[in-house]
Structures are given as structure tokens and as C-alpha cells.
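What follows is each chain in one-letter form.
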Amino acid sequence: MTRPVQTRFEVDLTSCDREPIHIPGAILPHGAMLVLDCATLRVLQAAGDTQGLLGLGIDALLDRTVDGLFSTVQVNRLHALCQEADLVKPRHLLDPVLRVSPDSALDASAHRVDGNLVLEFEAADIGDPFVVDPLSAVQEMVEGFSSAPSLFSLCQMATASVRRVAQYDRVMIYRFMPDGSGWVIAEARAPELAPFLDLHYPAADIPQQARALYLKSWLRLITQVDYDPAPLTPPVNPRTDKPLDMSHAVLRDVSPIHREYLRNMGIDASMSISIIVAGKLWGLIACHHNSPRRLPRHLRAVCELFGSMFSLQLEAREKSEQFEARLASRKILQELMLNLAGVEDYAYGLTQQTPNLLDYIHGGDVALDGQRGGGVAVRVEGSITSLGATPTKAQIAGLTEWLTSYMTETEGVFATDRLGEMYAPAKEFAGVASGLLVIAVSRDPSDFIIWFRPELVETALWAGDPTKPAKTSADGDRISPRKSFEVWKHSVHNRALPWTPAEVDSAFDLRVSLLQVVLRRIEAASRERARAHDRDKLLMAELDHRVKNTLANIQALVTQSSRSAASLTGFVEGLDRRIHSMAKAHSLLTQSRWEGVSVEGLLIEELEPFSQIPGVVNLGGTDTVLTPKSALSLSLAVHELATNAAKFGAFSRPEGSVSVAWNLADDGGLALTWREAGGPPVAVPTRRGFGTSLIERALAFETGGRATIEYAPAGVVCEIRLPRSSLVEMAVKLPMRAERVEVEPAMQALPSKPRVLVVEDSYLVILTLEGMFEDLGWTMVGPATRLAEAVQMAEAETFDAALLDVNLDGEMSWAVATVLKNKGVPFAFSTGYDEANLLPGNLIGTEIFAKPYRRAELENGLRQMMSRASWSS
């Protein structure tokens, strides 16, 4: 297989990224390095000018301890440094901390690598004016930062400050762009130098592994480009058996490729200070000098501290700008949501009212006529509403199909300033939509809000041709950096003004707010959004728990009824009455949004199933009315207490009884006491059940009240306190119980053998109706258990009346009722729903039988319907 030959312009630039610059095996020759074993302080490796700086050659230092080189105080300090596990980055030890000769000033630094202590030495410049008070240099450098009116002004001040202190010929701020390229946004230079300001540099000029090292070390110094590296002896660490990792080393040898790059630029010395914002490499303060320049260690420490402070200043400024933009967008968002409150079509409300979506997030820069470019489109259930300059509806429809599949892995918001590179058909409408910001409002159907930004043709000035950053040598084995840095103009098409983080955050905010509107504008979402999730979980658990408790209550009623009944018929009738009484109590709970509910009426309805035997339930208290919310909470608590009494307490024995007393407390609230007697001995439960939690927490959450349960041996006692805000004053006294409607027996003549169509999907209910019809000598037509079957029977069969279940396996039976109404056949609905506002407009007034049935009511109702029909015919 023949390997393809690369031309000089087809270089694989990732080769630069693979250069192991963190283990060069050598240091800058003007300094010295010792690698010590932390356990013994034995010299394992050495490099550089040890003779000139430390007074001993490398051979004299290797495999010996440093006791003879440093004083006892200095050795003790080195031992202490070896014990610092977090000494990853170099710590400056400025002269005279590790000076070894009285006449030679010596700066040093120390850091740990793989259990070794790495010491680096350089000659100190004690004649510099800032050597005594380096902090004064930092203060001078940052003076005036807080008053900088713009980011450009701040960066320009920073370059001037660094150049004034460090004395380099040129100081630039080099900002990394989203595509990895660099852009010179500020510059301070000697007057005779040509400006680099506004030049762009390809991403390959600074390889990825170099950027990683810039994140680890705040400062990188090259004293001169042309030098012979000082090799580390021995090359491999004898203790770890691997090359020394110099990622944090101050004197680390420079990549020969980078040195050649600087040489091609005409630079002889350089220093780079990292600008790190929010943990990411934002840019560099790049310093260039046209002759060798060895910046003293104390000034490098000053520049390093300055870089850190400048980074914090940038981060604070960016966050402040984002915060201000966020505040402004929040204000518009509030107005948008207020506008939506008055319209059903949120697409109309967001685009045709003021403010609109383009006021919230603009689509482009302001033109000379004051109008903003760009546009926005809202897609709801396939319908597209647009505002401003947008692609055609057909183009938007195709785009949304692509977005539906592309955005499956996103968090509902997507932004790009180069749509054509991701979605090829977008190149056809790049003039209006090169940039895209999208909110996915829902998945099924796929509804979106899409902002468009027009193409912004940008002409950038590059330091050399960005398409030719490097070339290979004649043998093809070595990459050489480019030699040409002449200004190169390059126009960029199919790009738009990038979306700012604040704009993307605003899109997230709008999506969250719109989801509340789209999800049927959940009641009080604006006031209870934070609590809605927890409350829904609690209510769903209560629904499941309540159904099971209802079954337990029915079981208890069967037991009590069987003990008190004189015959089987009496047992059946008594049980039937009590089950219907429980149904009425549940109906009262569903009506908790009344203006008020009487405490006595609530207790009567809840405890009626247990009140059939005199003396079992004793109620007494003042006439007090609860707010609907408090009534619901109290009814839940009473229901739980009654259920527990039926399972384990006073209601589980014939001789048991419950007394409930209530009155107004001194603070104007309600004080209610539930007291059981005559039941089995009470033991404190070993675990806290859901029912107990519901009694205590529901009252606290919903009303601000409290409930305490005492498990006294003679019977459970529950003390309930509700605040004054739980009570209301009513001008009209409320009834103590729901009205009981007695149906008079029908007296008119009936068909000889009535035929009744039954539409019902519950097998047990069908069995009950079959038994009743058989006893009466009536004929059941059907039954029909599904809507389509019921409609067919209603159209084709002959019968005298019909009984229709409202809900057939999720489908409402209105279509069947319409057929019967048109035929003139009498019919009634049966349901377990609350009857209020149940029927559609054309069926209002139709008779409804509530489940569970009372046989007498159902029979008389059907007789009356058929009698009226016979009389009218």
C-alpha cells in the first residue's frame, strides 16, 4: 500500500499538537535546576549553570544530599516544602531565601512533581527599583482599572501598564476566538515598530498542548530565542524511571518549533502572561522584545500577580455586563408574559404586540434608519407566524424538520452563528439567516421559536495567509512554522453576529416561562412554581392512598352492619345506605372551592358512615366556617383519623366511640380535638406512616396550622390548630349536609315490557343492572361497552329508554346522546364525576344518576322517563 504524498500546504497541523513540550528534558541555559528526593533531599537530577549559580558542577551535585550546599535553616525549609502535598505550582523564594554565596544574589522557586522537589535558580537583580517593594509595582499597574469605560480601554491600559514595568518593546493582548484563532485587541509598542493591532492569527500558531500549559502556569518566559538548551542529567529520573514533567517549571526548555516561529517574526525574547476567565484560557498578554531580555524573578512575580488580577477584573466586568443585560431582558420578559395572559394564541401575543420577540432578543445590529436587522418565527402545531426579515414559510418548515431531529440531545435551546456549515440548505437564504437561536417549546408536535440573524460579511486582517500556517521540511519529517507574516485580507461569508451568553440565557428564561403557558397555564404557577412539583407528588400519593383507605372503610362498614343487622335484607340495605353516605362525603371534598364550608357539616359528611348507631360519633362546637383550602386540608386529616379508627381504633369495635369538639381559640383560630374511646388498647406505632405524615404536614403546608397525635392507651387523641386566616365569616348560614333528593315513584303507565339500552364499560355495574332488570321484568338491550358499538346500537336497535355511562374507556358518550336526542328516545347519563359543568351545551338539562346507584332512585328515574315519553306520544 502506497502512502499518499503531502504537498507543502497539506501539512497535518495536529503534529504540532502532539509535540511533548511538557517533557523537553532540558532547561533554559541561564538558570539551574536541581531535582531532589523528598525523603532524603538527595540530588537525583541536575541541569544548567550550577557551577556559576551554586558554586558546584553537576557531577559534584548528583547523588549527594544538599546538606553541604545549603545552611541548616535552608535545609529545614526544604524539608518543610517536601511535606506540602499541594505544592504543584512553583513558589517564589526570592533572594536571599536560598542564597548560597554571600556575594551572589540568587532567586529560586520550588514545586513538587511525582514525589520529587524541583528547585530552579536564577541570578537575582537586586538593583531594580521594585525589588524592595514589588507590591507597589502591582498597585501602579492596576491603577485606574475600575474607571475604564470599555473592554477595549481596559485592555489598552493593561498593555501600557505591563510595558511600563516590564520594559518590553511590544506588549499585546491576544484574545482567543471561538474557532481557536487569536485576535490582537490591544497593543502598546515602541514608536518605531509596525502595529500588530487588529491582526488575526491562525489557531495552529498556538497548539493545544501549549494552551493546556498556559492554563497551568500563569507566566512563560523566553530570555532569548537563540540558545543551546541545558540538558537534564540524567535524562530519566532514577527514582520514577521516567522523564521529568516540566509542565510547571519556570525554566522549561522552549519548543524548537516555537523558537523558529519567533525567529521568523524577528523576535529575540518574549514573555506570555495567561488571562484565565471562569477557568478557561481567555487570551494572553504577549510581550515581545527585539533583543535578549532577562526579566528579573521579582518582576515576573509582579507580572504573574497582575495577570491574575487582570483576569479577575475581566471576569467581573463580563459578569456585570451579562447581569445588566439579564436584568433588562427579565423586564421585557415580564411584559411579554403579561401580554400573553390576555391572549390564547401565544404566537400572536409574542409577535404582534409590544414588546415583541425582537425587542426581547434582537436579530442584528441597528441600521442607519434605526431599524434592527434579523427576524423571528414562531411555529405552533405546524402554523408559522413571523416578524421581520425571515426565510420563506417553506424554508422555515424544512428547517424545523431538521431541528426536530437535531435538537433531541440539547436542553431545548440551540444557537449558531454559522447555520450553513451545519444545515446545507441554509446557504440558499444565508442573507437573512446565517445565524440561528432556537427554543424548542414542545416535542410533540415540534413547536419552536426561531430568531434569525443575517449574514455579516467580515473582512479580517491576518498575519500571513491563514490557510498556510506551516510547511514540512524537504524530508517530510519535520514541521516548520510559516515565515510570512505579511498582512493578509480574508473575507468570511455565511457567518452572522455571534449570540452572546446573555442572549442565550434570555432564550432559556423565555422557554421556561413559555412552558408554563403551553402546559395549560397551570393555576397559580407564578406564585407556587417552586412548590408545585412537591405538592403534585403529595396529592398523587394521597389519591392512591385514599382509594385504599376507602376500601378499608367499606370493609369496616360491612363488619359493623353485619353485627347490627337482624336479617340479610337489613344487612344489604344498611350497607347500601352507608356506602352512599361515604360517596356524599367524597362529593363534599370535590366542592372545596366554595366560599366556605361549615366545620360541623364537613364532620357530619365525613363521619356519617360511622354515625348509624347512636352514641358512636359525638360532635359539638361553635358555628365555624372554613375557607375552601382549609376545609380540604381538614377533611383529609379527618378522613385519615376515621380510617385509622376503622382499622385499629374506636370504630373497629361495636362499643367504641369518637368525640369531636371544636371552638375558637384565643388567637382567633380554630381549636379542634378528636378523642377516641372504647377501642382496643393503643400502642405507639413503631414507624411513621404516610397517613400520620399527611395529617401533620398537609395542615402545616396548606394552612400554616399544626396537628399533634397522642397515642394514649385508652384511645387516640388528635389536637388540631388552624390559624385565623383559615376561617371566613359568612352572611348566610351554610347547610349542615348536602340536600337529599327523594324521587317520587312514577305513576304513569309504562310499556308492557320495557327495553332499555345500556351503555356501560364496567362489568360489575352491568351485572347489577342485569339483576335489577330481571327482577323488574325489563329487557336490557346491549350492553354496549365501546363508543362505536354504542352509536351503532343507538341507530339500529329499538328500545324505550337508554342509560349512558359518561366515560367509555376514555371516550365521552356525547355522540350516542346526540343520536338518541335526534330520535326522540328518552335517556339519562350515569357517572361518578362531580355533576357540576359536566355536560356540553346541547345536552344541558339531561338527567344524571350518580354512581354508586341507589336502586330505588334509578328505578323510579327510568320509570318517569319512560312514562313521560308514553304520555307525550
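Residues numbered from 1 in each chain as written. Predicted model: local features only at pLDDT ≥ 70, side-chain atom pairs only at ≥ 80, totals over all residues. Heavy atoms only, no water.

1. Overview of the overall build of the chain
Our working definition: Numbering of helices and strands runs from the N terminus, with a helix taken as a DSSP run of H or I at least four residues long and a strand as a DSSP run of E at least two residues long. We call a residue buried when its accessible area falls under 20% of the maximum for its residue type, exposed when it is over 50%, and partly exposed in between, using a 1.4 Å probe and counting protein chains only. Residue contacts are defined here by distance: any two heavy atoms, one from each residue, within 4.5 Å place the two residues in contact. Under the convention used here, a 1.4 Å probe and the Shrake-Rupley method define accessible areas, while residue burial counts only the protein chains that appear.
Regarding its fold elements, the chain presents 22 helices and 36 strands. Counting every position in the chain, which comprises 873 residues, the buried fraction comes to 47%. Intrachain contacts of the chain at a sequence separation of at least 6 include 65% that bridge at least 24 residues. Accessible surface computed for the chain: about 43,200 Å², of which carbon and sulfur atoms make up 54%.

2. Some details on the nonpolar core
Let me state the cut-off plainly: What we call a nonpolar core is a set of buried Ala, Val, Leu, Ile, Met, Phe, Trp, Tyr and Cys residues that are connected through their side-chain atoms within 4.5 Å.
Residues Leu 607, Phe 651, Trp 674 and Ile 720 are the most contacted members of the largest nonpolar core, which totals 34 residues. Every element with two or more residues in this core is listed here: helix H16 (599-607), helix H17 (628-648), strand E26 (657-664), strand E27 (670-677), helix H18 (690-703), strand E28 (706-712) and strand E29 (715-722). Looking at this core, the element that brings in the most residues is H17, giving 8 residues. If we ignore the near neighbours within four places in the chain, the residues touching Leu 607 are Val 617, Leu 619, Val 638, Ala 642, Phe 651, Val 660 and Trp 674. Met 141, Ala 158, Ala 186 and Leu 299 belong to the second largest nonpolar core, which has 33 residues in total.

3. Looking at the environment of Lys 319
Looking at the secondary structure, you find Lys 319 in helix H9 (residues 297-340). On the accessibility criterion, Lys 319 (52% relative accessible area) is exposed. In sequence terms Lys 319 and Ala 502 are 183 residues apart; their C-alpha atoms lie 9.5 Å from each other.

4. Digging into the state of the cysteines
Put simply, the rule reads: A pair of cysteine sulfur atoms is labelled a disulfide when the two atoms are within 2.5 Å.
Considering all chains together, one arrives at 0 disulfides under this definition. Here Cys 38 is not disulfide-linked; the sulfur of Cys 82 is the nearest cysteine sulfur, at 3.1 Å. By relative accessible area, which is 11% here, Cys 38 ends up buried. Cys 303 forms no disulfide, and the closest cysteine sulfur to it belongs to Cys 287, at a distance of 6.6 Å.

5. Here's the deal with the pairing of strand E31 (residues 779-784)
Cut-off, in case you're wondering: By the convention used here, strands pair only if DSSP detects at least 2 bridges between them. A right-handed crossover is one whose linking path, passing over the helix from the first strand to the second, runs clockwise when the strands point away from the viewer.
In this sheet, E31 lies alongside strand E30 (residues 755-759) in parallel orientation, the contact comprising 4 bridges. Counted as the bridge partner of Arg 755 is Thr 779 from E31. Where the polypeptide runs from E30 across helix H19 (residues 763-776) and back to E31, its parallel neighbour, the crossover connection is right-handed.

6. Topic: the packing of aromatic side chains
Aromatic ring pairs are described here by two measures, namely the spacing of the ring centres and the angle between the planes. What counts is decided by this rule: Only Phe, Tyr and Trp rings take part, Trp by its six-membered ring, and two of them pair if their centres are within 6.5 Å. Stacked means planes under 30 degrees apart, edge-to-face means over 60, and tilted covers everything else. Our definition puts a charge over a ring when NZ of Lys or CZ of Arg is within 6 Å of the ring centre and also within 35 degrees of the ring normal.
Summed over the entire model, instances satisfying the criterion amount to 14 aromatic pairs. Centroid distance Tyr 174 to Tyr 201: 5.7 Å. Interplanar angle 50°. Geometry classified as tilted. Placement of the pair is Tyr 174 in strand E7 (residues 170-176) and Tyr 201 in strand E9 (residues 199-201), with a sequence separation of 27 residues. Classification of Tyr 201 as buried rests on a relative accessible area of 4%. Three or more aromatic residues joined by ring pairs make a cluster, and in this case those are Trp 402, Tyr 406, Phe 414 and Tyr 423. The ring of Phe 196 is capped by Arg 170, whose NZ or CZ atom sits 3.7 Å from the centre of that ring. Against the face of Tyr 227 rests Arg 259, its NZ or CZ located 3.9 Å from the ring centre.

7. Examining the packing of helix H5 (residues 134-142) against H9
Going by this rule: Only C-alpha atoms enter the line fits that serve as axes; for helices the fit covers just the stretch in contact. Angles between N-to-C directions range over 0 to 180 degrees. Every angle not falling under 35 degrees, over 145, or within 65 to 115 is termed oblique; those three ranges are roughly parallel, roughly antiparallel and roughly perpendicular. Crossing handedness is defined as follows: a turn of the near helix away from the far one that is anticlockwise and smaller than a right angle gives a left-handed crossing, while the clockwise case is right-handed.
The N-to-C vectors of H5 and H9 enclose an angle of 40°; their axes lie 9 Å apart at closest approach. When the interaxial angle is binned, H5 and H9 end up oblique. Seen along the crossing, H5 lies across H9 with a hand that is right-handed. When H5 is examined against H9, the residues Pro 134, Leu 135, Ala 137, Val 138, Met 141 and Val 142 are found in contact with a partner set consisting of Val 302, Leu 305, Phe 306 and Met 309.

8. Looking at the sheet that holds E29
Sheet architecture is open: 5 strands sit in the order E24-E26-E27-E29-E28, paired in mixed fashion. Looking at the sheet topology across the chains shown, the edges are occupied by strand E24 (617-621) and E28. Strand after strand, the sheet turns through a mean of 10° between neighbouring axes, direction not considered. Note: E24 against E26, 5 bridges, orientation parallel. Following the sheet pairing, Leu 619 is matched in E26 by Val 660. Its contacts with the sheet place H16 against E24, E26 and E27, and it is angled at close to 165° to E26.

9. A closer look at the packing of helix H20 (residues 787-796) against helix H21 (residues 814-823)
Put simply, H20 and H21 touch, their axes get as near as 9 Å, and they point 5° apart. Overall, the two elements H20 and H21 adopt an arrangement that is roughly parallel. Touching Leu 787, Ala 790, Val 791, Ala 794 and Glu 795 of H20 are Ala 815, Val 816, Val 819, Leu 820 and Lys 823, all from H21.

10. A closer look at the pairing of strand E32 (residues 801-805)
Buried residues dominate E32, accounting for 5 of its 5 residues. Of the two faces of E32, the one lined by Ala 801, Leu 803 and Asp 805 and the one lined by Ala 802 and Leu 804 are each fully buried. Relative to E32, E30 runs parallel, the two sharing 4 bridges. Note on E32: the bridge partner recorded for Leu 757 is Ala 802.

11. With respect to H16
A turn of α-helix holds 3.6 residues, and therefore any two residues three or four places apart point the same way. Of all 9 residues that make up H16, 8 are buried, and the element is covered over most of its length. When we look at burial in H16, the residues that qualify are Val 599, Gly 601, Leu 602, Leu 603, Ile 604, Glu 605, Glu 606 and Leu 607.

12. As for H21
As a reminder, the rule being used: Read the arc as the range of directions from the helix axis to the C-beta atoms.
For H21, the set of buried residues is Val 816, Ala 817, Val 819 and Leu 820. The buried residues of H21 occupy an angular sector of 160° when projected down its axis, which confines them to one face. Looking one or two residues beyond H21, the residue adopting positive phi is Gly 824, at roughly 80°.

13. Thoughts on the side chain of Arg 453
So the rule is basically this: N or O atoms closer than or at 3.5 Å make up a polar contact, with two conditions inside protein: a donor-capable atom paired with an acceptor-capable one, and, for residues adjacent in sequence, both atoms drawn from side chains.
In this structure, Arg 453 sits in strand E18 (residues 447-453). On the basis of relative accessible area, Arg 453 is assigned to the buried category, the value being 1%. A polar contact of 3.1 Å, which involves the side chain of Arg 453, links it to the backbone oxygen of Leu 497. At 2.7 Å, the side chain of Arg 453 forms a polar contact with the side chain of Glu 503.

14. A short note on unusual backbone geometry
Between Thr 233 and Pro 234 the backbone carries a cis peptide bond, its omega angle lying at -10°. Note on placement: Pro 234 falls in the loop between strand E11 (230-231) and helix H8 (256-265). Residues Gly 782 and Pro 783 are joined by a peptide bond in cis, for which omega reads 0°. In this structure, Pro 783 sits in strand E31.

15. Description of the sheet that holds strand E5 (residues 106-113)
Across the sheet, 5 strands lie side by side as E3-E2-E6-E5-E4; this open sheet has antiparallel pairing. The open sheet terminates on both sides in strands that have one partner only, identified here as strand E3 (43-48) and strand E4 (91-93). Strand-to-strand twist in this sheet, taken as the mean axis angle between neighbours without regard to direction, amounts to 20°. Where strand E2 (residues 32-37) and E3 come together, 5 bridges link them in antiparallel fashion.

16. Concerning the side chain of Ser 181
Its place among the elements puts Ser 181 in the loop between E7 and strand E8 (182-189). Within the local environment of Ser 181, its side chain forms a polar contact with the side chain of Asp 179, the two groups lying 2.7 Å apart.

17. Here's the deal with a nonpolar patch on the surface
Which entries qualify depends on this criterion: Patch membership needs two things, relative accessible area over 30% and no salt bridge, and members are linked within 9 Å if like-charged or within 5 Å if nonpolar (Val, Leu, Ile, Met, Phe, Trp, Tyr). Should a side-chain nitrogen of Lys or Arg be within 4 Å of a carboxyl oxygen of Asp or Glu, the pair is scored as a salt bridge.
A cluster of nonpolar side chains, contributed by Leu 135, Leu 305 and Met 309, occupies part of the molecular surface with about 250 Å² of accessible area. Tracing the sequence through the fold places Met 309 in helix H9. Since its relative accessible area comes to 34%, Met 309 is described here as partly exposed.

18. Some remarks on the environment of Asp 667
Here Asp 667 is to be found in the loop between E26 and E27. The exposure class of Asp 667 is exposed, given its relative accessible area of 56%. Taking the C-alpha atoms as reference points, Asp 667 and Pro 723, 56 residues apart in sequence, are found 7.8 Å from one another. Polar side-chain contacts of Asp 667 include one of 3.0 Å to the backbone nitrogen of Gly 669.

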